[in-house]
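Results of the structural survey
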Amino acid sequence: MLVYKMAKVRVDKETCIACGVCWALAPDIFELDPATGKTRIREPYGKSDNEKESVGEIPENMVETAKNAASSCPTGSIVVE
Ligand code: SF4
């Protein structure tokens with residue numbers, strides 16, 4: 001069985017200002033949640049989502065892109081573990 005290494009990504013929706021930077025830098029991972037007007041983790045990577053945060057798991061080869069978005073987020077709302 002193939003086992004892929006995954007990394008956890010978390011978006012703090014309470015501090016996200018919906019500037020769109022992460023949607024532009026990592027469109028395969030982040031998108032606008034129309035219900036809250038904040039960022040959420042896209043399918044198929046999203047694992048849980050509520051008004052406060054969106055949490056997902058991404059494959060190792062997307063970590064660099066996610067970290068780039070995290071370091072560009074003006075409010076520090078994205079954490080990649
Ligand atoms: Fe929200 Fe940060 Fe993404 Fe901007 S870059 S939309 S503040 S999570």
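All of the points below concern the structure found in this document. Not measured: the values here are computed from a predicted model.

1. A closer look at the site of the ligand
- Neighbouring the ligand are Cys16, Ile17, Ala18, Cys19, Gly20, Val21, Cys22, Thr39, Cys73, Pro74, Thr75 and Ile78.
- Looking at the shell around the ligand residue by residue, the class counts come to nine nonpolar, three polar and no charged.

2. Re the pattern of salt bridges
- One pass over the structure, following the stated rule, counts six salt bridges.
- Residue Lys13 pairs with Asp49 through a salt bridge whose shortest N-O separation is 3.1 Å. In this pair, Lys13 sits in the loop between strand S1 (6–12) and helix H1 (21–25) while Asp49 sits in strand S4 (residues 46–49), placing the two residues 36 residues apart along the sequence.
- Exposure remark for Lys13: the relative accessible area of 1% places this residue in the buried category.
- Judged by its relative accessible area of 40%, Asp49 is partly exposed.
- Here Glu31 ties to Arg42 by a salt bridge, and the two come within 3.5 Å at their closest N and O atoms.

3. So, the sheet that holds strand S6 (residues 78–80)
- Strand order in this open sheet of four strands is S4-S5-S1-S6, and the pairing throughout is antiparallel. Looking at the sheet topology across the chains shown, the edges are occupied by S4 and S6. With direction set aside, neighbouring strand axes in the sheet form an average angle of 15 degrees.
- Lying over the sheet, helix H2 (residues 63–72) contacts S1, strand S5 (53–59) and S6, oriented at roughly 145 degrees with respect to S6.

4. A closer look at the side chain of Lys13
- Here Asp49 takes part through its side chain, which lies 3.1 Å from a polar atom of the side chain of Lys13.
- Among the polar contacts listed, one links the side chain of Lys13 to the backbone oxygen of Asn50, at a separation of 3.2 Å.
- If we ignore the near neighbours within four places in the chain, the residues touching Lys13 are Asp33, Thr36, Lys38, Thr39, Arg40, Asp49, Asn50, Glu51, Lys52, Glu53 and Ser54.

5. What to know about the pairing of S5
- Across seven bridges, S1 lies against S5 in antiparallel orientation. Bridge pairing in S5 links Lys8 to Glu57.
- Summarising the sheet, S4 and S5 pair through three bridges and their orientation is antiparallel. The residue bridging Gly46 from the neighbouring strand is Gly56, located in S5.
- Between S4 and S5, which follow one another and run antiparallel, lie three residues.

Reading the values: rules and limits
- Position labels on residues start from 1 in each chain and follow its written sequence.
- A pLDDT threshold of at least 70 governs which residues receive local features in this predicted model, and a stricter bar of 80 or more applies before side-chain atom pairs are shown or counted, although totals over entire chains, interfaces and linings include all residues.
- Where side-chain values are given, they derive from all heavy atoms of the structure, hydrogens and water being excluded.
- Throughout this document, a residue counts as near a molecule or strand when at least one of its heavy atoms sits within 4 Å of that molecule or strand.
- When residues are grouped by polarity, Ala, Val, Leu, Ile, Met, Phe, Trp, Tyr, Cys and Pro land in nonpolar, Asp, Glu, Lys and Arg in charged, and all others, Gly among them, in polar.
- Each salt bridge in this description consists of a side-chain nitrogen of Lys or Arg and a carboxyl oxygen of Asp or Glu lying within 4 Å of one another.
- Comment: elements are numbered from the N terminus, with helices defined as DSSP H or I runs of at least four residues and strands as E runs of at least two.
- Only protein chains enter the calculation, and the probe is 1.4 Å; a residue is then buried if its accessible area is under 20% of its type maximum, exposed if over 50%, and partly exposed in between.
- DSSP bridges decide pairing: two strands pair if at least two such bridges lie between them.
- Note on definitions: angles span 0 to 180 degrees between N-to-C directions of axes, and those axes are lines fitted to C-alpha atoms, for helices only across the stretch in contact.
- Pairs of residues are marked as contacts when any of their non-hydrogen atoms sit within 4.5 Å.
- Under the rule applied, a polar contact is a pair of N or O atoms within 3.5 Å (in protein, one hydrogen donor and one hydrogen acceptor; residues adjacent in sequence only if both atoms are side-chain atoms).

Geometric values such as these leave the question of function open.
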